[in-house]
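# Close look at the chain arrangement
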Amino acid sequence: MAEQTHVLFVEDDDVIREATQLALERDGFAVTAMPDGLSGLEAFRAQRPDIALLDVMVPGLDGVSLCRRIRDESTVPVIMVSARADSIDVVLGLEAGADDYVTKPFDGAVLVARIRAVLRRFGHAGGPDRGGADTAPMDGGVLTFGELEIDTEGMEVRRSGHPVALTPTEMRLLLEFSSAPGTVLSRDKLLERVWDYGWGGDTRVVDVHVQRLRTKIGQDRIETVRGFGYKLRA
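Residues numbered from 1 in each chain as written. Predicted model: local features only at pLDDT ≥ 70, side-chain atom pairs only at ≥ 80, totals over all residues. Heavy atoms only, no water.

### Description of the side chain of His-6
Looking at where His-6 falls in the secondary structure, it is placed in strand E1 (residues 6-10). Residue contacts for His-6: discarding those within four places in its chain leaves Ala-30, Thr-32, Gln-47, Pro-49, Asp-50 and Ile-51. (Helix = DSSP H or I, 4+ residues; strand = E, 2+ residues; numbered from the N terminus. Contact = heavy atoms within 4.5 Å.)

Laid out in C-alpha coordinates, this is it:
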(Lines give C-alpha, C1' and ligand atoms only; values in the text may rest on other atoms or scores of the structure.)
Protein backbone atom coordinates (compact mmCIF):
# COMPACT_ATOMS: atom_id res chain seq x y z
CA MET A 1 0.00 0.00 0.00
CA ALA A 2 1.21 3.50 -0.78
CA GLU A 3 -0.38 4.68 2.45
CA GLN A 4 -1.25 2.27 5.24
CA THR A 5 -4.86 1.81 6.18
CA HIS A 6 -5.31 2.59 9.87
CA VAL A 7 -7.40 0.11 11.89
CA LEU A 8 -8.64 0.81 15.41
CA PHE A 9 -9.07 -2.54 17.19
CA VAL A 10 -10.81 -2.61 20.59
CA GLU A 11 -10.53 -5.98 22.36
CA ASP A 12 -10.08 -6.78 26.06
CA ASP A 13 -8.58 -10.27 25.63
CA ASP A 14 -4.81 -9.73 25.60
CA VAL A 15 -4.03 -12.83 23.52
CA ILE A 16 -6.66 -12.10 20.85
CA ARG A 17 -5.77 -8.41 20.74
CA GLU A 18 -2.05 -8.99 20.30
CA ALA A 19 -2.42 -11.88 17.84
CA THR A 20 -4.93 -10.00 15.70
CA GLN A 21 -2.82 -6.86 15.71
CA LEU A 22 0.22 -8.81 14.50
CA ALA A 23 -1.84 -10.56 11.80
CA LEU A 24 -3.26 -7.27 10.50
CA GLU A 25 0.15 -5.61 10.55
CA ARG A 26 1.60 -8.49 8.53
CA ASP A 27 -1.06 -7.75 5.92
CA GLY A 28 0.06 -4.13 5.71
CA PHE A 29 -2.39 -2.40 8.05
CA ALA A 30 -1.41 0.13 10.70
CA VAL A 31 -3.15 -0.92 13.92
CA THR A 32 -4.03 0.88 17.13
CA ALA A 33 -5.16 -1.73 19.67
CA MET A 34 -7.02 -0.74 22.82
CA PRO A 35 -8.22 -2.93 25.74
CA ASP A 36 -11.47 -1.13 26.62
CA GLY A 37 -14.17 1.08 25.17
CA LEU A 38 -13.18 4.36 26.82
CA SER A 39 -9.58 4.18 25.62
CA GLY A 40 -10.92 3.10 22.24
CA LEU A 41 -13.10 6.20 22.03
CA GLU A 42 -10.16 8.42 22.99
CA ALA A 43 -8.00 6.77 20.32
CA PHE A 44 -10.73 7.19 17.73
CA ARG A 45 -11.08 10.88 18.43
CA ALA A 46 -7.34 11.49 18.52
CA GLN A 47 -6.33 9.43 15.48
CA ARG A 48 -9.42 9.21 13.22
CA PRO A 49 -8.74 5.70 11.89
CA ASP A 50 -9.93 4.46 8.50
CA ILE A 51 -11.96 1.63 10.06
CA ALA A 52 -12.93 0.49 13.56
CA LEU A 53 -13.02 -3.16 14.66
CA LEU A 54 -14.94 -3.38 17.94
CA ASP A 55 -15.48 -6.34 20.24
CA VAL A 56 -18.98 -6.32 21.69
CA MET A 57 -18.02 -7.25 25.26
CA VAL A 58 -15.32 -4.83 26.38
CA PRO A 59 -15.14 -3.09 29.78
CA GLY A 60 -15.75 0.56 30.55
CA LEU A 61 -17.83 1.27 27.46
CA ASP A 62 -19.16 -1.78 25.65
CA GLY A 63 -18.67 -2.19 21.92
CA VAL A 64 -22.28 -1.40 21.01
CA SER A 65 -22.22 1.85 22.98
CA LEU A 66 -18.84 2.70 21.50
CA CYS A 67 -20.24 2.12 18.03
CA ARG A 68 -23.08 4.54 18.77
CA ARG A 69 -20.59 7.17 19.96
CA ILE A 70 -18.51 6.76 16.82
CA ARG A 71 -21.57 6.88 14.58
CA ASP A 72 -22.68 10.12 16.25
CA GLU A 73 -19.42 11.70 15.13
CA SER A 74 -18.41 9.93 11.94
CA THR A 75 -19.43 7.66 9.05
CA VAL A 76 -16.16 5.71 9.32
CA PRO A 77 -16.80 1.99 8.68
CA VAL A 78 -17.34 -0.16 11.77
CA ILE A 79 -17.13 -3.93 12.06
CA MET A 80 -18.37 -5.56 15.26
CA VAL A 81 -16.77 -8.68 16.74
CA SER A 82 -19.06 -11.10 18.59
CA ALA A 83 -18.37 -14.39 20.32
CA ARG A 84 -21.68 -15.89 19.14
CA ALA A 85 -23.20 -15.75 15.68
CA ASP A 86 -26.72 -16.10 17.10
CA SER A 87 -26.25 -13.46 19.80
CA ILE A 88 -28.66 -10.55 20.10
CA ASP A 89 -25.49 -8.47 20.35
CA VAL A 90 -25.01 -8.91 16.61
CA VAL A 91 -28.33 -7.22 15.87
CA LEU A 92 -27.74 -4.57 18.53
CA GLY A 93 -24.38 -3.76 16.97
CA LEU A 94 -25.87 -3.42 13.52
CA GLU A 95 -28.72 -1.29 14.85
CA ALA A 96 -26.12 0.93 16.55
CA GLY A 97 -24.65 1.70 13.15
CA ALA A 98 -22.11 -1.05 12.47
CA ASP A 99 -21.64 -1.97 8.82
CA ASP A 100 -20.72 -5.63 9.29
CA TYR A 101 -19.67 -8.14 11.92
CA VAL A 102 -17.44 -11.17 12.38
CA THR A 103 -17.70 -13.94 14.96
CA LYS A 104 -15.06 -15.47 17.20
CA PRO A 105 -13.03 -17.48 16.66
CA PHE A 106 -12.22 -15.91 13.31
CA ASP A 107 -9.64 -16.84 10.72
CA GLY A 108 -7.15 -14.05 10.07
CA ALA A 109 -7.55 -14.31 6.30
CA VAL A 110 -11.34 -14.06 6.58
CA LEU A 111 -11.07 -11.03 8.84
CA VAL A 112 -8.74 -9.29 6.39
CA ALA A 113 -11.10 -10.11 3.52
CA ARG A 114 -14.06 -8.63 5.41
CA ILE A 115 -12.11 -5.48 6.28
CA ARG A 116 -11.04 -5.00 2.68
CA ALA A 117 -14.58 -5.63 1.42
CA VAL A 118 -15.92 -2.90 3.73
CA LEU A 119 -13.14 -0.51 2.71
CA ARG A 120 -13.80 -1.15 -0.99
CA ARG A 121 -17.44 -0.20 -0.76
CA PHE A 122 -16.66 2.86 1.34
CA GLY A 123 -14.09 3.92 -1.22
CA HIS A 124 -16.59 3.48 -4.05
CA ALA A 125 -19.79 4.77 -2.50
CA GLY A 126 -21.18 5.66 -5.91
CA GLY A 127 -22.56 2.16 -6.32
CA PRO A 128 -23.56 0.48 -9.56
CA ASP A 129 -24.36 2.46 -12.68
CA ARG A 130 -27.50 0.79 -13.90
CA GLY A 131 -30.06 3.36 -14.90
CA GLY A 132 -33.49 1.99 -15.70
CA ALA A 133 -36.54 3.13 -17.59
CA ASP A 134 -38.65 3.04 -14.42
CA THR A 135 -36.55 5.63 -12.59
CA ALA A 136 -37.51 9.29 -12.73
CA PRO A 137 -34.30 11.19 -13.55
CA MET A 138 -34.06 14.94 -13.20
CA ASP A 139 -31.37 17.30 -14.39
CA GLY A 140 -28.04 16.67 -12.68
CA GLY A 141 -28.55 12.94 -12.07
CA VAL A 142 -31.33 13.29 -9.49
CA LEU A 143 -33.86 10.46 -9.12
CA THR A 144 -37.25 11.14 -7.58
CA PHE A 145 -39.61 8.70 -5.89
CA GLY A 146 -42.50 10.64 -4.40
CA GLU A 147 -41.09 12.97 -1.76
CA LEU A 148 -37.68 11.24 -1.97
CA GLU A 149 -34.89 12.75 -4.09
CA ILE A 150 -31.57 10.97 -4.68
CA ASP A 151 -28.68 12.92 -6.16
CA THR A 152 -26.58 10.13 -7.64
CA GLU A 153 -23.73 12.47 -8.54
CA GLY A 154 -23.53 14.52 -5.38
CA MET A 155 -24.34 11.49 -3.18
CA GLU A 156 -27.06 13.42 -1.36
CA VAL A 157 -30.58 12.42 -0.37
CA ARG A 158 -33.51 14.68 0.44
CA ARG A 159 -36.94 13.82 1.79
CA SER A 160 -39.61 16.46 1.34
CA GLY A 161 -36.80 18.89 0.62
CA HIS A 162 -34.90 18.13 3.82
CA PRO A 163 -31.42 16.52 3.78
CA VAL A 164 -31.22 12.88 4.91
CA ALA A 165 -27.94 11.76 6.50
CA LEU A 166 -26.98 8.25 5.36
CA THR A 167 -23.92 6.17 6.08
CA PRO A 168 -22.01 4.97 2.99
CA THR A 169 -23.49 1.48 3.40
CA GLU A 170 -27.02 2.90 3.61
CA MET A 171 -26.31 5.04 0.55
CA ARG A 172 -25.11 2.05 -1.44
CA LEU A 173 -28.18 0.10 -0.40
CA LEU A 174 -30.48 2.92 -1.49
CA LEU A 175 -28.64 3.28 -4.81
CA GLU A 176 -29.07 -0.44 -5.39
CA PHE A 177 -32.82 -0.17 -4.85
CA SER A 178 -33.14 3.01 -6.90
CA SER A 179 -31.33 1.43 -9.85
CA ALA A 180 -34.26 -0.99 -10.26
CA PRO A 181 -37.40 0.45 -8.63
CA GLY A 182 -40.26 -2.01 -8.38
CA THR A 183 -37.89 -4.95 -8.85
CA VAL A 184 -37.58 -7.42 -5.98
CA LEU A 185 -34.00 -7.83 -4.80
CA SER A 186 -33.21 -10.88 -2.72
CA ARG A 187 -31.18 -10.65 0.47
CA ASP A 188 -28.43 -12.76 -1.10
CA LYS A 189 -28.27 -10.44 -4.10
CA LEU A 190 -28.03 -7.41 -1.83
CA LEU A 191 -25.27 -9.07 0.19
CA GLU A 192 -23.37 -9.64 -3.05
CA ARG A 193 -23.90 -6.17 -4.52
CA VAL A 194 -23.79 -3.94 -1.43
CA TRP A 195 -21.59 -5.87 1.00
CA ASP A 196 -19.34 -7.34 -1.69
CA TYR A 197 -19.82 -10.85 -0.37
CA GLY A 198 -18.52 -13.44 -2.76
CA TRP A 199 -19.69 -16.04 -0.28
CA GLY A 200 -22.79 -16.71 1.77
CA GLY A 201 -23.41 -14.17 4.49
CA ASP A 202 -25.80 -13.50 7.34
CA THR A 203 -28.95 -11.91 5.92
CA ARG A 204 -29.58 -10.15 9.25
CA VAL A 205 -27.05 -7.59 8.03
CA VAL A 206 -29.42 -6.76 5.17
CA ASP A 207 -32.57 -6.77 7.30
CA VAL A 208 -31.19 -4.39 9.92
CA HIS A 209 -29.80 -1.99 7.31
CA VAL A 210 -33.11 -1.97 5.43
CA GLN A 211 -34.91 -1.12 8.66
CA ARG A 212 -32.42 1.67 9.41
CA LEU A 213 -32.88 3.00 5.90
CA ARG A 214 -36.67 2.92 6.25
CA THR A 215 -36.55 5.09 9.37
CA LYS A 216 -34.73 7.74 7.35
CA ILE A 217 -36.52 7.70 3.98
CA GLY A 218 -39.99 6.53 5.05
CA GLN A 219 -41.24 3.19 6.32
CA ASP A 220 -43.41 2.58 3.25
CA ARG A 221 -40.77 3.42 0.63
CA ILE A 222 -39.14 -0.03 0.79
CA GLU A 223 -41.58 -2.93 0.62
CA THR A 224 -40.93 -6.39 2.04
CA VAL A 225 -41.88 -9.18 -0.36
CA ARG A 226 -42.16 -12.18 1.92
CA GLY A 227 -40.05 -15.13 0.90
CA PHE A 228 -38.21 -13.15 -1.78
CA GLY A 229 -36.66 -9.91 -0.53
CA TYR A 230 -37.28 -6.18 -0.82
CA LYS A 231 -38.21 -3.64 -3.47
CA LEU A 232 -38.33 0.14 -3.72
CA ARG A 233 -41.78 1.59 -4.34
CA ALA A 234 -41.55 3.71 -7.48
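### Points about the pairing of strand E12 (residues 229-232)
Pairing of strand E11 (residues 222-225) with E12, which is carried by four bridges, proceeds in the antiparallel orientation. Looking across to E12, one finds that Thr-224 is bridged to Tyr-230. Connecting the antiparallel pair E11 and E12 is a turn made up of three residues, with Gly-227 showing a positive phi of about 85°. (Pairing = 2+ DSSP bridges.)

### Quick word on the packing of helix H4 (residues 88-95) against helix H8 (residues 204-217)
Between H4 and H8, the least distance of the axes is 9 Å, while the angle of their chain directions is 40°. At the point where H4 passes H8, the crossing takes the right-handed sense. Residues Val-90, Val-91, Leu-94 and Glu-95 of H4 lie in contact with H8, whose contacting residues are Arg-204, Val-205, Val-208, His-209 and Arg-212. In terms of residue class, the contact of H4 with H8 is built from five nonpolar, one polar and three charged. (Axes fitted to C-alpha atoms, helices over the stretch in contact; angles between N-to-C directions. Left-handed = near helix turned anticlockwise from the far one by under 90°. Nonpolar A, V, L, I, M, F, W, Y, C, P; charged D, E, K, R; others polar.)

### Points about helix H5 (residues 108-123)
Compared with an ideal rise of 1.5 Å per residue, which puts 16 residues at 22 Å, H5 spans 22 Å between its outermost C-alpha atoms and is within 8% of the ideal. Taken as a whole, H5 has its buried residues at Leu-111, Val-112, Arg-114, Ile-115, Ala-117, Val-118, Arg-121 and Phe-122. Packed against the buried residues of H5 are helix H1 (14-26), strand E3 (51-55), strand E4 (78-82), strand E5 (100-103), helix H6 (168-178) and helix H7 (187-194). N-capping of H5 is provided by Asp-107, with a side-chain oxygen placed 2.8 Å from the backbone N of Ala-109. (Expected span 1.5 Å × (residues − 1). Buried < 20%, exposed > 50% of the residue type's maximum accessible area, 1.4 Å probe, protein only. Polar contact = N/O pair within 3.5 Å; in protein donor to acceptor, adjacent residues only side chain to side chain.)

### Some points on H8
Spanning 14 residues, H8 covers 20 Å between terminal C-alpha atoms, matching the ideal 20 Å at 1.5 Å per step. Where H8 is concerned, the buried positions are Val-205, Val-206, Val-208, His-209, Val-210, Arg-212, Leu-213, Arg-214 and Ile-217. Directly after H8, the chain includes Gly-218, whose backbone phi takes a positive value near 120°.

### Digging into the side chain of Arg-221
Locating Arg-221 in the fold gives a position in the loop between H8 and E11. Residue classification places Arg-221 among the buried residues on the basis of a relative accessible area of 13%. Side-chain polar atoms of Arg-221 contact the backbone oxygen of Phe-145, separated by 3.3 Å. Ignoring any residue separated from it by four or fewer positions in sequence, one finds Arg-221 in contact with Phe-145, Gly-146, Glu-147, Leu-148, Lys-231, Leu-232, Arg-233 and Ala-234.

### With respect to the sheet that holds E3
Ordered by their spatial adjacency, five strands build an open sheet running E2-E1-E3-E4-E5, and the pairing between neighbours is parallel. Every other strand in the sheet has two partners, leaving strand E2 (30-34) and E5 as the edge strands with one partner each. Strand-to-strand twist across the sheet, computed as the mean angle between neighbouring axes with direction ignored, equals 20°. Where E4 meets E5, four bridges bridge the pair, whose relative direction is parallel. Counted as the bridge partner of Ile-79 is Asp-100 from E5.

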